[in-house]
Amino acid sequence: MKIGRVVLIGEPNVGKSSIVNAIVGEQVSVVTDVAGTTRGEILGIKSGVNLSGFSYQIIFLDTPGMLKQKKNLFDKQMAKAISTALASADIILYVLDATNIKDEFIAKIKNYEKTGKPLIIAVNKTDKTNFVKLYPKLDRLNKLDFVRAIIPTSCKTENNINVLESEIAKIILEHSLGCSVSGFDSELYTTQSVKEMSVEIIRGELLKNLFDEIPHGIFVNIAKWKETEIEIEIDAEIYCEKPSHKPIIIGKKGNVLKQIGISSRRKIEELVEKHVKLYTRVLVREDWKNKNEFLNGDNN
């Protein structure tokens, strides 16, 4: 089996996480309509066999969206996650939003030519536009002669997701990639623990329910994880940056937090296939984005 590590690069909210989930066939990364949802490298794994019977394994490194400004330690940590993943990757998958392809994004793509790594462009969210509008943009991208392939995709309709996977697999099978990388069990689709995935589920539900009211000032910590053969008891701490954020997260008579808890519990139960007792509380920790104990998971 040949193995290749693929790093996804692109602006916030272009659908990088959605592409990983679509190819892997499982939710390994949080997907919301809020820009900048992904916070660190998420490892998704897809094992497959091509039409000729050759087996391959794609190891996805899903990174945070690129930030123009690094305002705090948290932003710097996210930027470092991108550079680390890029350095270890064999293939670059640059994701663009089909409705928003700017000259500055094309200029960024050109910078990756010097890496010497095979580069694929996925023009995502094609369901939100049409061919007449998209064609001129694709024509501009086609002038980037160092790009291996340009593939219009839609995770909503699953258009060309299989084509994208096939193109990645083709590069892996044609090149001697992943020589120093050990493969994973073919049944494995992520290296995240169930506890880590539960944190992502809760954070995703917070973002979905709060929208832009509290953009990215939320940190979720599992303070208690007690597991038996039939159920899991979870105490989740939700940290926010400002005292004024706490009542927004809780909502009138606790309705918002209650809804977040219910939807999170159901998704965690689907994940673990056990009954889940989920308890949540909201705490204020000002400037947590500059505190190492939060960023390194040592705040217990």
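Conventions we followed
- Residues numbered from 1 in each chain as written.
- Predicted model: local features only at pLDDT ≥ 70, side-chain atom pairs only at ≥ 80, totals over all residues.
- Heavy atoms only, no water.
- Salt bridge = Lys/Arg side-chain N within 4 Å of Asp/Glu carboxyl O.
- Helix = DSSP H or I, 4+ residues; strand = E, 2+ residues; numbered from the N terminus.
- Buried < 20%, exposed > 50% of the residue type's maximum accessible area, 1.4 Å probe, protein only.
- Core = buried A, V, L, I, M, F, W, Y, C linked by side-chain atoms within 4.5 Å.
- Contact = heavy atoms within 4.5 Å.

A. Examining the pattern of salt bridges more closely. Summed over the entire model, instances satisfying the criterion amount to 15 salt bridges. Across the pair Arg203 and Glu200 runs a salt bridge, and its minimum N-O distance is 3.0 Å. Separated by three residues within a single helix, Arg203 and Glu200 lie in helix α6 (residues 194-210), roughly one turn from each other. Here Arg203 and Glu200 have matching classes, each one buried. The partner of Glu205 in a salt bridge is Lys208, and the shortest N-O contact between them spans 3.6 Å. With Glu205 and Lys208 both in helix α6 and three residues apart, the pair spans about one turn of that helix. Salt bridges here are not isolated pairs; linked through shared partners, they connect Arg148, Glu167, Lys170 and Glu174.

B. Looking closely at the nonpolar core. Judged by nonpolar contacts, the single largest core of 26 residues is most densely connected at Val7, Leu96, Ile109, Leu119, Ile121, Val123 and Leu141. Contributing elements (two or more residues each) for this core: β1 (2-9), β3 (55-62), α2 (73-88), β4 (91-97), α3 (103-111), β5 (119-124) and α4 (131-141). The contact partners of Leu141, leaving out residues within four places of it in the chain, are Leu96, Ile101, Ile106, Ile109, Ile121, Val123 and Ile150. The next biggest cluster of nonpolar side chains, apart from the first, holds 25 residues, and it includes Ile19, Leu93, Ile151 and Ile168.

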